[in-house]
Amino acid sequence: MTRTLTLIVNGEPRTLQAAPFASLADTLREGLHLTGTKVGCDAGDCGACTVLLDGEQVCACLVPTAQAEGRAITTIEGAGPAGLVDRLRESFLAHGAAQCGICTPGMIMAAADVLARDPRAGRAEIEDGLGGVLCRCTGYVKIVEAVLDVARGANAFAAKADAGAAVGARLARVDGRPKVEGTDHFGADHQPEGALWLRLIRSPHASARFALGDLAPVLARHPGLARILTARDIPGENAFGIFPTIKDQPVLADGLVRMRGDPVAALVGTRAAVEGFPDADLPITWEVLPALHGAAAALAEGAPALHRAVPDNVLTRGRLERGDVAEGHAAGAATASVAFETAFVEHAYIEPEAGYARRVGDRIEVTACTQAPVMDQEEVARVLGVPMHAVRIVPTACGGGFGGKLDVSIQPILAVAAWVTGQPVRIVYSRIESMASTTKRHPASIRARMSADGDGRFTAFEMEGDFNTGAYASWGPTVANRVPVHAPGPYRVPHVRNRTRAVYTNDTPAGAFRGFGVPQATLAAETLIDDLAEGLGLDRWTIRRRNALDHGDTTASGQVLHASAGLPQCLDALRDDFLRAQADAEAFNRTSGRVKRGAGIACMWYGCGNTSMSNPSTMRIALRPDGTLTFFNGAVDIGQGSTTVLLQIAADALGLAPDAFESVVGDTDLTPDAGKTSASRQTFVSGNAARLAGEDLRRAILSLANAGPDARLRLEGACLHVENGPASRVIDLTTLSPDETGAVLSGEGRYDPPTTALDANGQGVPYATYGFAAQAAEVEVDTVLGTVRVTRIVAAHDVGRAVNPTLVEGQIHGGIAQGLGLALMEEFIPGRTENLHDYLIPTVGDMPEIVVHLIEDPEPEGPFGAKGVGEPALVATAPAILSAIRHATGARLTRVPVLPHRLHAALHAREAAE
Amino acid sequence: MNRFDYVRPSSVSEAVAAGAEPGSAFLAAGTNLLDLMKGGIARPTRLVDVGRIPGLDAIETLPDGGVRIGALVRNADLAYHQEFARRFPMVAEALLSGASAQLRNAATTGGNLLQRTRCPYFYDTASACNKREPGAGCDALAGENRQHAVLGWSEACIATNPSDFAVPLAALDAVVEIEGRGGRREVPLTDFHRLPGDTPQIETVLAPGELIVAVRLSADAAAFAGHARYLKVRERTSYAFAVVSAAAALRIADGRIEAARLALGGVALKPWRAREAEAALAGASPGFESFQEAAALALAEARPSGDNAYKIELARRVIARALTLAAAGTPERLPALPGSPFASGGSLHD
């Protein structure tokens, strides 16, 4: 039922046909094509759709369109009251307040509401006013700073960099302007003319057989449906998976579901038809089978096998052994053990999976959000049964990923639907569907033991960890292999034995999530280190500093760290802060009653790139006869800023300013393979490829000009000036003959990090370099109510070289927010927390003050000395917070998240024990 | 979403007539209903949009000194109404501790009282829920239920009411004005919501077509303004429903409690008024012992409905804490900022 409605949007009356109860967000986006208003949850939980209604912020997803009739609607596309939106845009850009950009329009509109009411709003008012908009990337720090600056009347100024001065500059993101203007196109923002819509019908059962009945009568009853696709409609192989040898996840389940949310059929048709179709109209009979929830159930004697090829449900075993761990424990003056449990954690990127596919002759094009375009290309080709070159993947702006968009989700089924119907087909996952069906962080059960001698030097570490990988393999093997290398932490430990298992269950699949199991293992190890410090009467900072890996040390996998091992500097940078916080807390607690303060500390390390595997990147720079300089960058920017960072590197390697370039990012028809945006590898691996491409082009130019290595380049239209004192000359690009791509000069760089395979004992060089960090946390605990507030975090990170300090800080802030969530509130329960009000992620008010120390211990192998920071940002936060809670209360928590009921139980147990 | 009919009556009497038709649902701001419709949990065939009925959006001071809040007064407008917040600070504090700025700018007084439970089994159409489908059973009983009710629940339903606003209203003897085809009637807020019993699908005393037109607070309720707090324990700082909350208000003279008002949120399918605790507090001197005793009395009938025994102890502590805060006096700043224990500043350190 639609009617004619007139809306006043950004001052303009707009008349359209809409259902009166359709949400205003939907009407703006689909009816008026104003896609700057984003939809993250469609339930009022995330605030991405925030617009101003008569000047006040509301969630457009919960406003019935008819109720907006005649009222003034202001969206990100408008100027807002008193030009506020414009000023906020500039401030967000200059501060790096937009990362992926999906929450940015909502955040800016909420800020405009706050500042319109209170132009001199302070931090408290701003935090209160932004409390309803969730951001998963920034930790809100730079957002609040950006809004505060506007409130103070400061003029935003984004830095520019001259030729040769890009690396190290706080350049504004080069892809930032569309994000703050609401014109960036995310997966759901592409609205191809005449597209059909796709919706998956999913299993309500975690384990069941099923049979579908005759679909012809169903199609007849629903004339808007073009097709109902089932497993038999998949033209190629009905399976996908990360590893070439483990393609265990069906595109559409074929008679058997292994998890709640497995898709059993796909509806293709008009939007009204696919959305209005009652799932009960699908003729399906279920035979529900017992489900295995949790790793213990799947490992139990006699548990049925989820996958025929894996009778014991153990997908992968990881292993590392060095020295003799029994001897190491025997040499210790103190030994501690722990059993640690972690929960499923949801990525909670604010953009649910979305995109479209279209068939172009015998090729298919999939335009969707992703972290891994070339992997998507391989999977789509196999599922369609066509060669790789018949598939084009065009990544859209990616509204957050964090590992959750490394696996294909919508891509194969979209491709199938567009392939068989010949029409463009769109899909937008609902929030519930996204959370119910896509990967999570692995829940871990870790048992670990650690010993230290009388001086606090570690003598032995051992752990066994079971990781619940859910119904399908996804990145389970990566977790099982990465954890044994990292589990002892960034310390010298002579005797180590680590064993891991990734276990299939009937739960939601667990895959890649910022840290690949390392955050879980670090929680266990850092708890043990606090135990040993306590047992030996040592200070918690000192015991870490005494054992910290340094230049020349050997890791548990036998790798010698020849360079860029800056953990000692990180620890030194926060020493005074930590000791001061520790003393302050103890002084406070001597007289306080209910509220206790605590200071905690934790360290981490993280290998950049894939574990002992080739993971090359190739980058290309081309100069055309008209002087267009194009950076062909296949690395997908999921908000972390690789589009900017790689350009900074390429620019300095070539010797031209970043703004001389245009960028083509991540289109498999146009850009060479830069691998996945994962494993903190883009700055390091693709950065090296970008550097090599820049150097390659520079070499070509200098050789053409017969110039020396120090020559300066200047590009003016089609004239390339090569300035080299008396030998200076000008190359007229129009006189050069272009190659088949149209380029007259080009450079290419390929880089694959030097690693070696790990032997049966996990010995070798799994990573070319490691990021290191130490973080100190301060907390206040209400011991009566069981609540924790993190008040301050000092984070010292060795990043080799901060190519763009603003973006590096942004990664650290965002990682800390996710670490805080892991520690205190995030617990995904399949079927129960599949939305953003039951699954809680930190809001702006949950964030502590953050102080960042950037330590630059240059990595000779890295581009300009740089290494990755994406995952390192998160790993140390949760253990530092737990360490602080323990310092405050004496309660040793061995399960996260530490929700009030768990802390209550721990404090109660402690009281009872006394 | 289903297909519906949509009507927009221009008066209360038209709305009441339209709302009495089978399959009808009143739509105010829709912040809860639209969400429920998207998920297929609410399936009205006709939406009666009362959002533009004139005369329902006023905050009026009554001749006797009480206040009458129109059903369409938005949560934010009420919370930021200086005079209202000065006289009923606990209500403003509860409003500001609920939802987010966006939702408070839209959600209405009447709609807030009618919001449905957030029980995940109610929201999950693949689960059994007696509230959604009478007679289907309750999967929450043997499920993830650490957030569920500890007071007034039945085997048929262990859900809780999510409203913050309703808790101080219950404590302060608010009255709900209701209009139906038979005319106007008034119901004390404490009687407005029903406990689940065998019919958890019936959540309030409203008959089909009956519409909330206003909520009233008396001058007597304003007499507690000097010592009134709303304290909410939640799992993050903003936009989280209460694990347990308490609205505590005292009238103190000459160092003794003349009268007390106490209600709990997050513990039952309705805002839970603790009258026995109030009676015990009357005449007592404010302090640790009397507050502990009140807390114990308030939870005397509590029993876990699952893995939630901790909520009973937590509720006692929240009550004692809320009473302590109330006794210390309502903060100067009005409207008071959310009384979350997470909030930095004043309330945490005393």
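Up top is the structure.
Nothing here was measured: the structure is a model prediction, and the numbers come from that model.

A. Fine view of the packing of helix H13 (residues 288-298) of chain B against helix H14 (residues 309-328) of chain B. Residue and element names in this part refer to chain B. Direction vectors running N to C along H13 and H14 enclose 140 degrees, while the axes themselves pass 8 Å from each other. In terms of orientation, H13 lies oblique with respect to H14. Seen along the crossing, H13 lies across H14 with a hand that is right-handed. From H13, Phe 291, Gln 292, Ala 294, Ala 295, Ala 296 and Ala 298 reach across to H14, where they touch Arg 316, Ile 319, Ala 320, Leu 323, Thr 324 and Ala 327. When the residues that make up the contact of H13 with H14 are grouped by side-chain class, the tally is nine nonpolar, two polar and one charged.

B. Molecular detail of helix H12 (residues 373-384) of chain A. All names here are of chain A. With 12 residues, H12 extends 16 Å from end C-alpha to end C-alpha; this agrees with the ideal 16 Å at 1.5 Å per step. When H12 is considered as a whole, its buried residues turn out to be Pro 373, Val 374, Met 375, Asp 376, Gln 377, Glu 379, Val 380, Ala 381, Val 383 and Leu 384. The positive-phi residue at the C-terminal boundary of H12 is Gly 385, with phi of around 75 degrees.

C. Spatial organisation of the interface of chain B and chain A. Across the contact, 61 residues belong to chain B and 67 residues belong to chain A. Summed over both sides, the interface between chain B and chain A buries roughly 5,100 Å², with carbon and sulfur atoms accounting for 54% of that surface. In this structure, the salt-bridge partner of A:Glu56 is B:Arg74, at a minimum N-O distance of 2.7 Å. Inspection of the chain B/chain A interface yields 27 residue pairs in polar contact (both at pLDDT 80 or more).

D. Expanded view of the sheet that holds strand E25 (residues 712-716) of chain A. All names here are of chain A. The sheet built from three strands is open, its strands ordered E25-E26-E27 with antiparallel pairing. The sheet terminates laterally at E25 and strand E27 (729-732), the two strands that pair on one side only. Shown here is a sheet whose adjacent strand axes are inclined to one another by a mean of 20 degrees, direction ignored. By the bridge criterion, five bridges tie E25 to strand E26 (residues 719-723) in an arrangement that is antiparallel. What sits directly across from Leu 713, in E26, is Val 722. Contacting E25, E26 and E27, helix H20 (residues 682-705) runs over the sheet at an angle of about 110 degrees to E27.

E. Focus on the sheet that holds strand E9 (residues 256-257) of chain A. The sheet built from three strands is open, its strands ordered E9-E7-E11 (chain A) with antiparallel pairing. Here the strands that pair on one side only, and so sit at the sheet edges, are E9 and strand E11 (284-288) of chain A.

F. Structural context of H13(B). Residues and elements named next belong to chain B. All of the buried residues along H13 are Ser 290, Phe 291, Ala 294, Ala 295 and Ala 298. On an axial view of H13, the arc spanned by its buried residues comes to 135 degrees, and they lie on one face. Exposed positions of H13 whose direction lies more than 90 degrees from the buried face are Phe 288 and Glu 289.

G. The pairing of strand E31 (residues 849-855) of chain A, seen in detail. Residue and element names in this part refer to chain A. Bridging between strand E30 (residues 787-798) and E31 involves seven bridges; their strand directions are parallel. Within the sheet, the bridge partner assigned to Ala 796 lies in E31 and is His 853. Read as a crossover between parallel neighbours, the route from E30 over helix H21 (residues 805-824) to E31 is right-handed.

H. Focus on the nonpolar core. Counting residues in each nonpolar core, the largest one holds 182 residues, and the members touching the most others are A:Phe92, A:Phe461, A:Ile881 and A:Ile885. Per-element accounting of this core gives the leading share, nine residues, to helix H16 (residues 518-536) of chain A. The contacts of A:Ile885, once residues within four sequence positions are left out, are A:Val779, A:Val781, A:Val788, A:Leu824, A:Gly890, A:Ala891, A:Leu893, A:Val898 and A:Leu903. In this structure, A:Phe21, A:Cys61, B:Leu36 and B:Ala140 belong to the second largest nonpolar core, which totals 53 residues.

I. Spatial organisation of the packing of H21(A) against helix H23 (residues 877-889) of chain A. Residue and element names in this part refer to chain A. The N-to-C vectors of H21 and H23 enclose an angle of 50 degrees; their axes lie 7 Å apart at closest approach. The orientation of H21 with respect to H23, classified from their angle, is oblique. Between H21 and H23 the crossing geometry is right-handed. Residues Gly 815, Ile 816, Gly 819, Leu 820, Leu 822, Ala 823 and Leu 824 of H21 lie in contact with H23, whose contacting residues are Thr 877, Ala 878, Ile 881, Leu 882 and Ile 885. The class makeup of the residues in the contact of H21 with H23 is nine nonpolar, three polar and no charged.

J. Local environment of the side chain of A:Arg199. With respect to the helices and strands, the residue A:Arg199 is situated in strand E6 (residues 196-202). Within the structure, A:Arg199 has its side chain in polar contact with the side chain of A:Asp279 (distance 2.9 Å).

Parameters at a glance
Residues numbered from 1 in each chain as written. Chains lettered and ligands numbered in written order. Predicted model: local features only at pLDDT ≥ 70, side-chain atom pairs only at ≥ 80, totals over all residues. Heavy atoms only, no water. Axes fitted to C-alpha atoms, helices over the stretch in contact; angles between N-to-C directions. Helix = DSSP H or I, 4+ residues; strand = E, 2+ residues; numbered from the N terminus. Parallel < 35°, antiparallel > 145°, perpendicular 65-115°, else oblique. Left-handed = near helix turned anticlockwise from the far one by under 90°. Contact = heavy atoms within 4.5 Å. Nonpolar A, V, L, I, M, F, W, Y, C, P; charged D, E, K, R; others polar. Expected span 1.5 Å × (residues − 1). Buried < 20%, exposed > 50% of the residue type's maximum accessible area, 1.4 Å probe, protein only. Buried area = accessible area lost by both parts, 1.4 Å probe. Salt bridge = Lys/Arg side-chain N within 4 Å of Asp/Glu carboxyl O. Polar contact = N/O pair within 3.5 Å; in protein donor to acceptor, adjacent residues only side chain to side chain. Pairing = 2+ DSSP bridges. Arc of directions from axis to C-beta. Right-handed = clockwise from strand over helix to strand, strands pointing away. Core = buried A, V, L, I, M, F, W, Y, C linked by side-chain atoms within 4.5 Å.

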